[in-house]
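# Remarks on the overall topology
Chain by chain, the residues:
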Amino acid sequence: MKKVFALLLLAVLAVSLASVTPASAQETPTLTVYSYNSIEPWMKKIIPIFEKEYNVKVNLVLLGDAGQVLNRLILEKNNPRADVVVGIDNSYLQKAIQAGVLEPYKPPNAKYIPEWIIKNFDPNFYLTPYDYGAIAIVYKKNVVKNPPKTFNDLLKPEWKGKLIVEDPRTSSTGMAFLLWTIAVYGDKWPYFWADLKKNGVIVVKGWTAGWEMWDKNQAPLFVSYATDPAYAACEDNSTNIGAVFLNNTAYVQIEGAGIVKGTKHLELAKEFINFLISKTAQKALPTTQWMYPVNEEVKPPACFNYALNVSRAKVVSIPSSELAKNTNKWLNEWTAIMVEGKSPEEISPTATQSQTSTTASKKSICGPALIIALALVPLILWRRH
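The rules behind these values
Residues numbered from 1 in each chain as written. Predicted model: local features only at pLDDT ≥ 70, side-chain atom pairs only at ≥ 80, totals over all residues. Heavy atoms only, no water. Phe/Tyr/Trp six-rings, centres within 6.5 Å; stacked < 30°, edge-to-face > 60°. Helix = DSSP H or I, 4+ residues; strand = E, 2+ residues; numbered from the N terminus. Buried < 20%, exposed > 50% of the residue type's maximum accessible area, 1.4 Å probe, protein only. Lys NZ or Arg CZ within 6 Å of the ring centre and 35° of its normal. Axes fitted to C-alpha atoms, helices over the stretch in contact; angles between N-to-C directions. Parallel < 35°, antiparallel > 145°, perpendicular 65-115°, else oblique. Left-handed = near helix turned anticlockwise from the far one by under 90°. Contact = heavy atoms within 4.5 Å. Nonpolar A, V, L, I, M, F, W, Y, C, P; charged D, E, K, R; others polar. Disulfide = S-S within 2.5 Å. pLDDT = per-residue confidence, 0-100. Arc of directions from axis to C-beta. Pairing = 2+ DSSP bridges. Salt bridge = Lys/Arg side-chain N within 4 Å of Asp/Glu carboxyl O.

### Comments concerning the packing of aromatic side chains
Going through the model one piece at a time under the given rule, you end up with 24 aromatic pairs. With centroids separated by 6.0 Å and ring planes inclined at 85°, the aromatic side chains of F177 and W180 adopt a geometry described as edge-to-face. A residue pair is termed a helical-turn pair when its members lie 3 or 4 positions apart in one helix, as F177 and W180 do in helix 7 (residues 172-185) at 3 residues. Like F177, the residue W180 is buried in the burial classification. Arranged with centres 5.3 Å apart and planes meeting at 20°, the rings of W207 and W211 form a pair that is stacked. You can see W207 and its partner W211 sitting in helix 9 (residues 207-215), 4 residues apart, about one turn around the helix. Owing to a relative accessible area of 3%, W207 belongs among the buried residues under this scheme. Taking the relative accessible area as the measure of exposure, W211 reaches 11% and is therefore buried. Members of the aromatic cluster, each reached through a chain of ring pairs, are W116, Y132, W207, W211, W214, F222, Y231, W290, Y292 and F304. Against the face of W214 rests K140, its NZ or CZ located 4.9 Å from the ring centre.

Okay, here's the thing in structure tokens:
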């Protein structure tokens, strides 16, 4: 009996010891961060710094493009698996807020962000801006000698099957391009897209896929960023990449990071948001994200002088109230035209193509304060969504 008792005691002790987690593991929490694929170079530079400073393990989960990231957050809303999301821009901001997946938080380092960025992005800090740039059509100068200068130029036979655009349902770059056309064409934008489809536009899932196609010369024109020429100058010592603002207008993209509602690591999530706009993190941003840092004490390198200067164009935007009201409607209409093959009349029976309106573009021009602020800073960018 004693022998049996001793064996049972040993068994109990063994199970107890096996269930004990080392103290070091207990002291190292894991912060899960959702973002898009092309952010990886920046994250690889700054995450080790954050991990060391805060004694935390960061689990970076890359989910294709920004649209896919937001869709994942919405799907997981009732059982969130992420603590922080990085990469939701002004095109998707209202959709994210309406979905109820974000926890508002204004970090201390927000004091280094210019007021015009905060005002034109999210004054309520559901998302904290960390970079900005402008959408543009990019091309290789040794391939394209006379690039298109207007949206209507893209509809000419000479550009048939030669333009790559990102899907606005899955790509923030694609969404920004869609909103750019809406800002310029107003409620007649469906006709532009119907004509673009007839002219053989190539639609890809995200920025990375589009860049790879364009880089392999599968099409000469690509919806990307005004800082792409800066990337070529910085990385390849090349001036072969050109960029164009169509209709002499520029649609500015601002990207933000936020805390996922329901996080189990709220304080660490706050620290990570604050860290993203610190000087340490922002200094690594221009030559990894190829966007402009929002921290006004951090300046991009000299090669950013090759970026297309937004001060030479009219900055256009769509008010957040209109985005909140119409984003889903516009995406459904875009899908009806580009995927389902419907005509503009079928989705908007009261509109006629002859009613081309410039009213929308006039209304969408940002206020003088924003134009002046942007004129002081050359805008542009590399990558992404």
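### Here's the deal with the packing of helix 8 (residues 189-198) against helix 14 (residues 320-338)
Two elements in contact, helix 8 and helix 14, have axes separated by 10 Å at closest approach and are oriented at 30°. By the criterion of interaxial angle, the relationship of helix 8 to helix 14 is roughly parallel. The handedness of the crossing between helix 8 and helix 14 is right-handed. Between helix 8 and helix 14, the residues in contact are W189, P190, W193, A194 and K197 and W330, E333, W334, I337 and M338, respectively. The residue makeup of the contact of helix 8 with helix 14, split by class, is 8 nonpolar, no polar and 2 charged.

### Examining the environment of P286
For P286, the location among the structural elements is in helix 13 (residues 286-289). Distance from P286 to W42, taken between C-alpha atoms, is 9.0 Å for residues 244 residues apart in sequence. In this view, P286 contacts M291, P293, P300, P301 and F304; residues no more than four positions away in its chain are not counted.

### Topic: the side chain of S35
With respect to the helices, strands and loops of the structure, S35 is situated in strand 1 (residues 30-35). Leaving out residues up to four positions away in the same chain, S35 has contacts with L60, V61, L62, L63, V69 and V86.

### Points about the state of the cysteines
Tallied over the full model, the rule gives 1 disulfide. The side chain of C234 participates in a disulfide bridge whose partner is C303; the two sulfur atoms lie 1.4 Å from each other. Here the S-S torsion is close to 60°, and the disulfide linking C234 with C303 is therefore right-handed. Here C234 is found in helix 10 (residues 228-236), whereas its partner C303 is found in the loop between strand 11 (292-293) and strand 12 (314-316), with 69 residues between them in sequence. Relative accessible area serves as the criterion here: at 16%, C303 is assigned to the buried category.

### A short note on the confidence of the model for the chain
With 84% of its residues at a pLDDT of 70 or more, the chain has an overall mean of 86. Segment residues 1-10 is flagged for pLDDT under 50; beyond a separation of four residues in sequence, or across chains, it makes 0 contacts in the model. Segment residues 354-385: pLDDT under 50, and 116 contacts once partners within four positions in sequence are set aside and those in other chains are kept.

### Side note on unusual backbone geometry
With a phi close to 60°, F125 is a non-glycine residue in the positive phi region. Looking at the element boundaries, F125 is found in the loop between helix 6 (115-121) and strand 5 (128-140). Looking at F125, the relative accessible area reads 4%, which means it is buried. Look at N217: it is not a glycine, yet its phi comes out positive at around 60°. Since its relative accessible area comes to 53%, N217 is described here as exposed.

### Overview of helix 4 (residues 66-75)
The set of residues buried in helix 4 consists of A66, G67, V69, L70 and L73. One side of helix 4 holds all its buried residues, which, seen down the axis, span an arc of 160°. In this fold, the buried residues of helix 4 make contact with strand 1, strand 3 (84-89), helix 5 (93-99), helix 7 and strand 10 (249-260).

### A few points about the pairing of strand 8 (residues 221-225)
Within strand 8, 5 of the 5 residues are buried, which leaves it mostly tucked inside the rest of the structure. By the bridge criterion, 4 bridges tie strand 5 to strand 8 in an arrangement that is antiparallel. Bridge assignment links V138 to a residue of strand 8, and that residue is F222. Pairing of strand 6 (residues 163-166) with strand 8, which is carried by 2 bridges, proceeds in the parallel orientation. Its bridge partner being in strand 8, I164 is matched across the sheet by F222.

### Notes on the pattern of salt bridges
This structure, assessed with the given rule, holds 10 salt bridges. For the salt bridge of D167 with R169, the shortest nitrogen-to-oxygen distance reads 2.7 Å. On the basis of relative accessible area, R169 is assigned to the partly exposed category, the value being 31%. Between K270 and E267 there is a salt bridge whose closest N-O contact spans 3.7 Å. Separated by 3 residues within a single helix, K270 and E267 lie in helix 11 (residues 266-276), roughly one turn from each other. Residue class for K270 comes out partly exposed when judged on its relative accessible area of 23%.

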